[in-house]
Amino acid sequence: MSITRRNFLFSAAAAPALAAAPAPVLASQTSEKPFQGTYRFTVGDATVIALLDGYLDAAPAIIPGFDEASVSVALERAQQKLYPAGVRIPVNAFLVEIGGRRVLIDAGTSSFLGDTMGDLSKALNAHNISPASIDMVALTHIHPDHSGGLIDANGQAVFVNAQLAVGQTEYGFWHDDAIMASVPESSRGFFQIARNTVAPYADRMILHNGEQDILPGLTSLPLPGHTPGHAGYLLQTGNDQLLFWGDLVHMTALQFDNPSLTIAFDTDATQTVDTRLSMFDRASADNLLVTGAHLDFPGLGKVRKSANGYAYQPAPWQYGT
Ligand SMILES: [Zn+2]
């Protein structure tokens, strides 16, 4: 970058003040780095905080039809790159405050999937939100990157005062012994984790069915495919709306351009693509603000129709909230 006259003048004017100022303390010099993976914004009367639990690398082996050349081009276009372990994606959860209630949408990973995840408690802490102050946890589905944070190392409930909302179909799927017995041995662990993470909440479950108000202003929305009872949540306050669409998209840089790209963890690949296409269609037609568990953090934006499919348009930073 060349130094313009204006930049030079600004720098020269600022220099004396900088010289007199005490040296800034860099975060790396302190014992604990401040946690920065949160973004607070408002939607109508509701406050929402995007909470970054961490990231994971989706290995080429779990992306059917993975073509390294075209994936690399698409990632580069999105100012990303292909990591040795795969496509890097965030794990997001969200805290919603509406009508005096605190709702957590998904609960992070805790220690279930490695040490690049599990920061949800730090994210809540950064806003002085204690787990005991949360009134409800609403799960989009019962995979470990969404339900892992429900329990502590002893298998006890982390959110001691919270109700737990999840789709009835979703709950039934993971608790069906016949289905569990029918899947390959390597997949049975997911069933056990699903059961263990929700078990301490058994006496305070809300099993929603279809589109159902789980509290005033928050409605469940079935988005089946990734898992049988996968669901989003639509926040509505006045004329403002935000859809939390869970795992409708795993790879922001790839799946708007190519909605038919799936991952091995999609229980029903055909239904996953059908649901994604109809949701993209609705979101673009309705100019709907959306967010998701794996959209590039903080994961807030809109879906637009493009020449060859769809495109993701990130929302601008919301100041002063
Ligand atoms: Zn997920």
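Residues numbered from 1 in each chain as written. Predicted model: local features only at pLDDT ≥ 70, side-chain atom pairs only at ≥ 80, totals over all residues.

## Quick look at the overall build of the protein chain
Thinking step 1. Across its full length, the protein chain holds nine helices and 14 strands.
Thinking step 2. The C-alpha atoms of the protein chain give a radius of gyration of 21 Å, which matches the 20 Å a tight globule of 321 residues would have.
Thinking step 3. Residues classed as buried in the protein chain amount to 40% of the 321 residues present.
Thinking step 4. Considering only contacts within the protein chain whose residues lie at least 6 apart along the sequence, 69% involve residues at least 24 apart. (Helix = DSSP H or I, 4+ residues; strand = E, 2+ residues; numbered from the N terminus. Rg over C-alpha atoms; globule rule 2.2 N^0.38 Å. Buried ≥ 20, exposed ≤ 12 C-beta atoms within 10 Å, placed from the backbone. Contact = placed C-beta atoms within 7 Å.)

## Describing the nonpolar core
Thinking step 1. Of all hydrophobic cores here, the largest spans 77 residues; its most connected members are Leu 51, Phe 94, Val 96, Ile 105 and Val 137.
Thinking step 2. Apart from the residues lying within four places of it in its own chain, the contact partners of Leu 51 are Thr 38, Asn 92, Ala 93, Phe 94, Leu 95, Leu 120, Ala 123 and Leu 124. (Core = buried A, V, L, I, M, F, W, Y, C linked by C-beta atoms within 7 Å.)

## Here we look at the pairing of strand 9 (residues 218-222)
Each regular strand displays side chains that alternate between the two surfaces of the sheet.
Thinking step 1. Burial analysis of strand 9 places four of its five residues in the buried class, which makes it a mostly covered element.
Thinking step 2. Summarising the sheet, strand 8 (residues 213-215) and strand 9 pair through two bridges and their orientation is antiparallel. Paired with Asp 213 across the strands is Thr 219, a residue of strand 9.
Thinking step 3. The turn linking strand 8 back onto strand 9 is made up of two residues, and Gly 217 within it adopts a positive phi angle of 95 degrees. (Pairing = 2+ DSSP bridges.)

## With respect to the sheet that holds strand 11 (residues 240-244)
Thinking step 1. Here seven strands make up an open sheet; going across it, the order is 8-9-10-11-12-13-14 and the pairing mixed. Both outer strands of the open sheet, strand 8 and strand 14 (309-314), are each paired with one neighbouring strand and no more.
Thinking step 2. Where strand 12 (residues 290-291) meets strand 13 (residues 300-306), two bridges bridge the pair, whose relative direction is antiparallel. Residue pairing in the sheet places Thr 291 in a bridge with Leu 300 of strand 13.
Thinking step 3. Against the sheet, helix 9 (residues 269-285) engages strand 11, strand 12, strand 13 and strand 14, with an angle of about 100 degrees to strand 13. (Axes fitted to C-alpha atoms, helices over the stretch in contact; angles between N-to-C directions.)

## Topic: the sheet that holds strand 4 (residues 101-105)
Thinking step 1. Read from one edge to the other, the open sheet built from seven strands follows the order 1-2-3-4-5-6-7, with strand pairing classed as mixed. Of all the strands in the sheet, just strand 1 (38-43) and strand 7 (205-208) have a single pairing partner and so form its edges. If you compare each strand with its neighbour and ignore which way they point, the axes differ by 25 degrees on average.
Thinking step 2. Examined bridge by bridge, strand 6 (residues 163-167) and strand 7 share four bridges and lie parallel to one another. Note that in strand 7 the partner of Val 166 across the bridge is Leu 207.

## Some words on helix 9
Thinking step 1. With 17 residues, helix 9 ought to run about 24 Å at 1.5 Å a step, and its terminal C-alpha atoms sit 24 Å apart, in line with that.
Thinking step 2. Turning to helix 9, its buried residues are Thr 272, Thr 275, Arg 276, Met 279, Phe 280 and Ala 283. Projected down its long axis, helix 9 shows its buried positions confined to an angular sector of 135 degrees, all on one face. The exposed residues of helix 9 that point more than 90 degrees off its buried face are Thr 270, Ser 278 and Ala 285.
Thinking step 3. The elements touched by buried residues of helix 9 are strand 11, strand 12, strand 13 and strand 14.
Thinking step 4. Of the residues trailing helix 9, Asn 287 is marked for its positive phi of about 55 degrees. (Expected span 1.5 Å × (residues − 1). Arc of directions from axis to C-beta.)

## Some thoughts on unusual backbone geometry
Thinking step 1. Omega for the peptide link from Phe 297 to Pro 298 comes to 5 degrees, which places this bond in the cis form.
Thinking step 2. Along the chain, the position of Pro 298 falls in the loop between strand 12 and strand 13.
Thinking step 3. Of note in this structure, Asp 106 is not a glycine but carries a positive phi near 70 degrees.
Thinking step 4. When you line up the elements, Asp 106 lands in the loop between strand 4 and helix 3 (120-125).
Thinking step 5. Classification of Asp 106 as buried rests on a count of 30 C-beta atoms within 10 Å.
Thinking step 6. In this structure, Asn 128 is a non-glycine residue whose phi angle is positive, near 55 degrees.
Thinking step 7. Its place among the elements puts Asn 128 in the loop between helix 3 and strand 5 (136-138).

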